Structures are given as C-alpha cells and as structure tokens.
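Listed below, chain by chain, are the residues.
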Amino acid sequence: MIPKRDRLKLPRQDPVTRPAKERIGDFREIYALLDAERAIEQANRCILCKHEPCVVACPAENHIPQWLELCADGKFMDAAKLSHETSNLPEICGRICPQDRLCEKDCVIGIKGDPVPIGAIEAFINEWAFANGYRPELNPERPQHSEKVAVVGAGPAGLACAEELAQRGYAVTVFDAYKEPGGLLIYGIPGFKLEKEVVERRIGFIRNLGVKFVCNRRIGKDITLTDLFNQGFAAIYLGHGAMQPKVPGLPGDDIEGIYEAIPFLIRNNLREPYIDSQQTPRLNLQGKEVVVLGGGDTAMDCVRTSARLQAKSVTCVYRRDEENMPGSRREIKAAKEEGVKFLFYTQPLRFQADSQGKLQSITCQKMQLGEPDDEGRRRPLPMANSEFTIRSNFAIIAFGFDPTSITGKGDRQLETSSWQGLKVDENFMTSWPGVFAGGDNVRGADLIVTAMADGRKAAGGIDRYLHPKEK
Ligand SMILES: Cc1cc2nc3c(=O)[nH]c(=O)nc-3n(C[C@H](O)[C@H](O)[C@H](O)COP(=O)(O)OP(=O)(O)OC[C@H]3O[C@@H](n4cnc5c(N)ncnc54)[C@H](O)[C@@H]3O)c2cc1C
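Residues numbered from 1 in each chain as written. Predicted model: local features only at pLDDT ≥ 70, side-chain atom pairs only at ≥ 80, totals over all residues. Heavy atoms only, no water.

Peer 1: Break down the site of the ligand for me, citing the residues and quoting the values.
Peer 2: Taken together, 36 residues lie around the ligand, and I96, A157, D176, K193 and I219 are the ones closest in. The separation between an oxygen atom of the ligand and a polar main-chain atom of D446 is 3.2 Å. Expressed as a share of its isolated accessible area of 1000 Å², the protein-covered part of the ligand is 97%. Elements represented by at least two residues in the shell around the ligand include exactly α9 (156-167), α12 (261-269), α13 (297-308) and α16 (448-466). (Near = heavy atom within 4 Å. Polar contact = N/O pair within 3.5 Å; in protein donor to acceptor, adjacent residues only side chain to side chain. Areas by Shrake-Rupley, 256 points an atom, 1.4 Å probe, with all protein chains shown as cover. Helix = DSSP H or I, 4+ residues; strand = E, 2+ residues; numbered from the N terminus.)

Listed below in structure tokens is the structure:
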C-alpha cells in the first residue's frame, strides 16, 4: 500500500482509447480495459477519505472506497464481489455511467488534481472476475416463497428488480415488448459505448438465477395488468421506461429526411437477432449534412452514429452552452474527436424542403441564458432578430422522452404527474396496491444507475408488501 501522501503524486491514467479515425470505421467499444498493473496503481490513488463523498454521489451507494482498497491490494475477485453487493450491473455502469457528474465529480483528490478513474476500475475488476470464473449466484440462505412476481420491462430497472426478487426467493417472470431483453441497453445505447455481448452476458447471468423472460409481449395491449393478476402473479413491477419521444411540433417536421432518435439508433446500431436487417438495412449517410437537434446522451449517440455512417458533416444543435449539456463530458469529448461540430445557443424553429419535398435547411434562432429554473439550470431565452438558416438534408430529433401509459382495458388507472410519470410511495408502490414501479417511467428519462437503484429498492418494497409481518 502506497502511503497517503505519496498517492496524490500519482497521475490519473484512463483506459487506452482507440484513435478516432480507426473507431469511426466500426461500432465496437472505443475504450480498452485498464490492465491489472494500472488498475492497482489507480486504485491506490484513493486516499480513503472519511466522508466518502463518492458513495454519497452514487445513486446505488456503491462501496467504492472499499472495493478500490481491495483492488489496490490486488484482490480483484473480492473487489468484484463487493461491487455486486450494491449493483446488479457493475460492469455496465463502470463503462457508461456519467461518472464525471456522479462519483468522480465529488472525489476529494479531484479538488486539486484529477479524480480516481472509478468507472474504469469498476469495469476492470468485474471483467477480471468474469474472466476468472466469477458468476452471480443465488444466496443459499434465501427464503422460499410461493408467490410469483411479474416484472414488466427488461431494461436496467426491470433486470435489477427481477434479480433482487429471485435473491429474495420469489419466482420471477419478466415481460418485454421487444424481441430481446435489455431495454435501452440494447435498443438505444450504441455498441461503441456498450457492446451488445456485455449486455447479453449479464442477461445470461440473470437467467441462470432462475428468472424467466417472455419477449414480444406488450403489456396493456397483448395482456393487461389485470390479466397478470388473474394469472396468479401476486405483485407486478413496472419498469417500462420512458420511450415516447418529446415532439417539438415544429413546422415542417414531417418532411422526408427527418428521423426520430430511437428508430435511427435501432436501425443503424443493431443487427440480428435484434432486428431484421434485410428489412431495415443500415443507412449510408455519404453526402449528407446531418444535423442532430438536442444535447443529451441520445443526441451524442446520434451524432457519433452518423459519423460512423460516413456523413459528409455532422452538427449538433443545442440551445444552451457546452457547460450546460446534460450528457457526460466524456461522450462530448469523444464526439468532438470524431469530427462532430457543435452549434451552441441555437434553437430550431422550422424545417424547409427542396422542390422534391426533401429536407433542405433548418431555420434556427440564437439563444441566451436567463435566470435559473426550478432545477437550478439557467433558462435558455430567444434573442430578438437572430434568425438564421443552416443547410441540412438529414436531421435527427433527440429532445428526450416521456413515459407512456401501460394500463389496458379493465385495468385501474395509475396516478401520474403532469408529464405522465408514475407516482409511487416510499416503497415504490403505485396508486394500485400490488403494482410497483421505478426507473425512467417514474423519474422521466434519467440514467442506468438510477433505474437500477430503483429496481433494487422496489424489490424490497414488494417483499415487504407480500410478507409484511416478517420484515
Ligand atoms: C440513446 C440513449 C443513450 C443513453 N445513454 C446513457 C448512458 O450513456 N449512460 C446512462 O447512464 N444512461 C444512458 N441513457 C439512459 C438510460 O438508458 C435509461 O435511463 C435507462 O435505460 C432506463 O432504464 P429503464 O429500465 O427504466 O427503462 P428502459 O431501459 O427504457 O427499458 C424499458 C423496457 O420496457 C419495455 N416496455 C415498454 N413498454 C412496455 C410494455 N407496454 N409492455 C412490455 N414491455 C414494455 C421496453 O421494450 C424496454 O425494454 C441513455 C438513453 C438513451 C435513449
């Protein structure tokens, strides 16, 4: 163990990143894993400070300093096992959590220098453990319950809830509308951030714990929540996300050449078995002047996908400035390296078509930042007489998502907020007793780690609901 005072002298080392020129030729992950020597060195940079602000900043309250200490001692297997105590997806969160806004943002050594690369170490210890035979197992001392629980949605929230319920002794079936499980981990987030094999492996682990998956089943349409109760499920967890795109309703938004973000990402990032790629082949954007509207993670994934489809130019149009972009700094940096241009303080107003009815240009206006809103972010305000037009023959709208209704004929209505987010109590139970919810359907489009943390907590709520006296 390196003495505390000497640890601060070690510089931060991030995983090796593939050069931009090489990586835009494929859809594989762009970062290598840390090697063992580097992981030990970097974990040693943690000074094990008293107040553990990294843990406080982590929505899963991961035992970060403790698994960093184990890693610093070369005890990678123990570190990975410990990381699994608070997380169902540590190798995934390690790769694509926005650590720069969460644990690493509050890392104490980041005050004067660069924070510990917590995410990279989390990915390393878990990949090392998997390569050396570690697999999550059911707790042999778990109780055996007779009740079955249905989970709707196989994204991070549903997967975490399903695994936790299996660990608590319930028989769990996960229903999902898509062809394969994974939610946005598969049907949204591109392979250059998170390879599909990583998600498939994790789903395999959860299957091995006895969780059943029923795909191609849309709840509310193919079967209702009432049907699920009638089929003998004692409780239902809703982890159906927020997938309704926010529509700006701009004049001309039905012109040919304007895409919505998720269909664009699915078509261009996924192949079999997830989609029929003969029916929807990958687009070739050669000669296209692509404009992506929006500034979050989805927008970053769209610009970087466009770069991989050989677009002539790719521009991200965002109404605030770079500092106020909601996505991870790492992704913005990667996009810039891949040739993406940014037009800040800019808001689209309308789309124009050419004589053949195809997108030709977008009229925008300049914005400035006003007073902070309820969340403390400065409100973008239009500047007078600032209209201008940019050329574009391919635009992608990435303004975010809202939750959709899940109830069907004969179901009770679930209480929602004004933006359709489900209302839940402290046990994650909705207004329908026995129906629980969490993840993006409750919070609005958020993060993998917050959805996973909700799923875990809701499993506790379901357990207390089904066996109140024992808790
Ligand atoms: C393009 C994109 C990139 C992102 N990048 C990042 C990132 O880098 N880091 C990060 O932390 N977060 C990122 N996010 C956010 C993150 O993916 C989500 O916050 C997270 O996946 C939410 O998890 P969830 O389980 O609540 O919902 P989802 O992952 O959306 O899963 C919901 C599941 O429910 C299913 N479903 C929906 N309706 C029904 C129904 N009626 N019946 C049956 N099944 C249904 C869907 O098919 C889906 O599989 C990104 C989001 C997007 C869109």
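Peer 1: A description of the sheet that holds strand β8 (residues 313-317) should follow, citing residues and the corresponding values.
Peer 2: Here five strands make up an open sheet; going across it, the order is β6-β14-β7-β8-β9 and the pairing parallel. Two strands bound the open sheet, and with one partner strand each, they are β6 (258-260) and β9 (341-343). If you compare each strand with its neighbour and ignore which way they point, the axes differ by 25 degrees on average. As paired strands, β8 and β9 are joined by three bridges and run parallel to one another. (Pairing = 2+ DSSP bridges. Axes fitted to C-alpha atoms, helices over the stretch in contact; angles between N-to-C directions.)

Peer 1: Mind laying out the environment of D254, listing which residues take part and the relevant values?
Peer 2: As for its position among the elements, D254 is in the loop between β5 (244-245) and β6. A sequence separation of 97 residues divides D254 from F351, and the C-alpha atoms of the two residues are 8.9 Å apart.

Peer 1: Outline empty space enclosed by the protein, supporting the account with residue identities and numerical values.
Peer 2: Under the criterion given, the structure shown has four cavities of 30 Å³ or more. When its volume is computed, the largest cavity comes out at roughly 130 Å³. If you go around the largest cavity, you meet 15 residues; those closest to its centre are C46, C49, C54, C107 and V108. Going through the elements one at a time, α4 (53-57) and α5 (64-72) are the ones with two or more residues in the lining of the largest cavity. If you tally residues by element for the lining of the largest cavity, the top one is α5, at three residues. Residue composition of the lining of the largest cavity, grouped by class: 14 nonpolar, no polar and one charged. Approximately 110 Å³ is the volume found for the second largest cavity. Counting residues per element, the ones that place at least two in the lining of the second largest cavity are α5 and α8 (118-131). Considering each element in turn, the lining of the second largest cavity owes the most residues, three residues, to α8. Residues belonging to the lining of the second largest cavity are distributed by class as follows: ten nonpolar, three polar and one charged. (1 Å grid on protein atoms, 1.4 Å probe; cavity = no way out; pocket = protein on both sides within 12 Å on 5 of 7 lines; lining within 4 Å. Points joined across faces, edges and corners; volume = space filled by probe spheres on them. Nonpolar A, V, L, I, M, F, W, Y, C, P; charged D, E, K, R; others polar.)

Peer 1: If you had to explain the sheet that holds strand β3 (residues 212-214) to someone new, which residues and values would you point to?
Peer 2: Pairing is parallel across the open sheet formed by five strands, whose spatial order is β3-β2-β1-β4-β16. Strand pairing shows two members of the sheet lacking a second neighbour, β3 and β16 (435-437), which therefore form its edges. The average angle at which neighbouring strand axes cross in this sheet is 25 degrees, direction not considered. Sheet analysis places strand β1 (residues 148-152) next to strand β4 (residues 233-238), joined by five bridges and oriented parallel. Across the sheet, V149 pairs through a bridge with A235, a residue of β4.

Peer 1: Break down helix α3 (residues 36-43) for me, citing the residues and quoting the values.
Peer 2: Taken together, the buried positions of α3 are occupied by A39, Q42 and A43. The buried residues of α3 all sit within an arc of 95 degrees when viewed along its axis, so they share a single face. Where α3 is buried, its residues meet α5 and α8. (Buried < 20%, exposed > 50% of the residue type's maximum accessible area, 1.4 Å probe, protein only. Arc of directions from axis to C-beta. Contact = heavy atoms within 4.5 Å.)

Peer 1: Please set out the pattern of salt bridges residue by residue, giving values where relevant.
Peer 2: Tallying each qualifying case throughout the model produces 29 salt bridges. Of the charged contacts, one joins R202 and E91 as a salt bridge, the two residues approaching to 2.9 Å between their closest N and O atoms. Separated by 111 residues along the polypeptide, R202 in helix α10 (residues 196-208) and E91 in helix α7 (residues 90-96) bring together distant segments of the chain. The two residues R202 and E91 agree in class, both being buried. A salt bridge links R95 to E127, with the shortest nitrogen-to-oxygen separation between them at 2.9 Å. Here R95 is found in helix α7, whereas its partner E127 is found in helix α8, with 32 residues between them in sequence. (Salt bridge = Lys/Arg side-chain N within 4 Å of Asp/Glu carboxyl O.)

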